[in-house]
Amino acid sequence: MKHITTCVAILLFTLTGNATVTHAADAPGTTRVAQWKGDKACAFILMFDDSCISDVKTVVPELTKRQLTGTFYVNPGSGHYAAQRKAWEQEIPAAGFELANHTFTHRGGDTTADIAKEVTACNDAIHAATPNLPWPRLVSYGQPGGIKPERWPITKEQLADVLKENHLIDRPDFGGRGAMIAFKTSDQMLAHVDKAIAGHAMECIVFHGVGGDWIVTPTEVFTGLLDGLVARRDKVWITGHIPAHQYATERDAATVRVAVDDKSIIGVMLTTTADPQFYDQPLTLVTRVPADWKTCTVTQGETHGTVAARDGVITYDAMPSGKPIVIAKK
Ligand SMILES: [Zn+2]
């Protein structure tokens, strides 16, 4: 134990002393930040607009059955939201689904101030429905469609300011991503997933009604997509918009430094320049270890885990906090 403590102290000195050790690609210690959590090939997000009744009746049960998740763009000032208020304000957030901002009523307004209020009132409702989550935090924003221009009197720049003030992150464009608009069958939707896998991308499909309501995706088309996603689970990180956005932002601003001590300990330091108040997700690291390290311990601060090596590498999650990560043979 004393030996390990000494080694760690030396490693920390090396890391904090800015003396990065560089390695050949196959040398023990060589570390990369995975493109997506769990070193999956892509991130994929199921998005559901308008707080439809069928979200509560069909979507949530079908997702839950398969341990999948989704992001729900709600209109807390709408009648169909009010009809399922308990589900939206208690059951769905308590089950871990992400609530996102689709404006308060989906009806726009007469003035720029009205539009700002549509956005902030929706955020207030999301905050109230998630009292156990930190606030302020990042919330996904989905622009409501089908509003006449005279009911949306705000410039792009003014809206960008409102989104920024409310820590809202605009989702990808609806165009090319709408269920029953861009894709009509499960196979077409799964081809979109396979394209994301091939491109190592973040992608999404936006749904309205499923088995009812409007722009209706037939239930069997929806469940066909879900079953296809389950079959691709080893390649696809199925998540919400904000976790995917946080991961990508932290990853793109991350730096990894590595020091190897006499091949008995590997020290890794992971940092990111993303603001830790809003970007607090762990990143997945992939580190090469010596061939005889079949099982490793990975320690970062108070967090301690055991990871099996596969093909000479270990894959593990770590916070990009600058707290040293110590890997040792178990
Ligand atoms: Zn909508």
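Treat the numbers as computed from the prediction; the structure is a model and nothing was measured.

A. The overall build of the protein, seen in detail. Across its full length, the protein carries 9 helices and 15 strands. Structurally, the protein occupies a C-alpha span of about 70 × 40 × 30 Å along its principal axes. For the protein, the proportion of its 330 residues judged to be buried stands at 37%. In the protein, of all internal contacts separated by at least 6 residues, the share reaching a separation of at least 24 is 76%.

B. Region of the structure containing the sheet that holds strand β15 (residues 325–329). Strand order in the open sheet made by the 5 strands is β9-β10-β15-β12-β13, with antiparallel pairing throughout. Of all the strands in the sheet, just β9 (254–261) and β13 (303–308) have a single pairing partner and so form its edges. Sheet twist, expressed as the average angle between the axes of neighbouring strands with direction ignored, equals 20 degrees.

C. Geometry of the nonpolar core. Counting residues in each nonpolar core, the largest one holds 73 residues, and the members touching the most others are Cys 42, Ala 43, Phe 44, Met 47, Phe 72, Ile 205 and Val 268. A total of 7 residues in this core trace back to one element, the largest contributor, which is strand β2 (residues 42–49). A domain-level breakdown of this core finds at least three residues from each of domain 1 (2–38 + 254–329) and domain 2 (41–233).

D. Molecular detail of the domain arrangement of the protein. For the protein, the assigned domains are domain 1 (2–38 + 254–329) and domain 2 (41–233). Each of domain 1 and domain 2 has a C-alpha centre, and the two are 36 Å apart.

E. Broad picture of unusual backbone geometry. The omega angle of the peptide bond from Trp 135 to Pro 136 is 0 degrees, so this bond is cis rather than trans. Its location among the elements puts Pro 136 in the loop between α5 (112–129) and β5 (139–141). Phi is positive for Asp 50, which is not a glycine, with a value near 80 degrees. Tracing the chain through its elements places Asp 50 in the loop between β2 and α2 (53–65). At Thr 103, a residue that is not glycine, the phi angle is positive and equals roughly 75 degrees. Looking at the secondary structure, you find Thr 103 in the loop between β4 (98–101) and α5.

What counts and what doesn't
- Residues numbered from 1 in each chain as written.
- Predicted model: local features only at pLDDT ≥ 70, side-chain atom pairs only at ≥ 80, totals over all residues.
- Helix = DSSP H or I, 4+ residues; strand = E, 2+ residues; numbered from the N terminus.
- Buried ≥ 20, exposed ≤ 12 C-beta atoms within 10 Å, placed from the backbone.
- Contact = placed C-beta atoms within 7 Å.
- Pairing = 2+ DSSP bridges.
- Axes fitted to C-alpha atoms, helices over the stretch in contact; angles between N-to-C directions.
- Core = buried A, V, L, I, M, F, W, Y, C linked by C-beta atoms within 7 Å.
- Domains from an automatic or database assignment.

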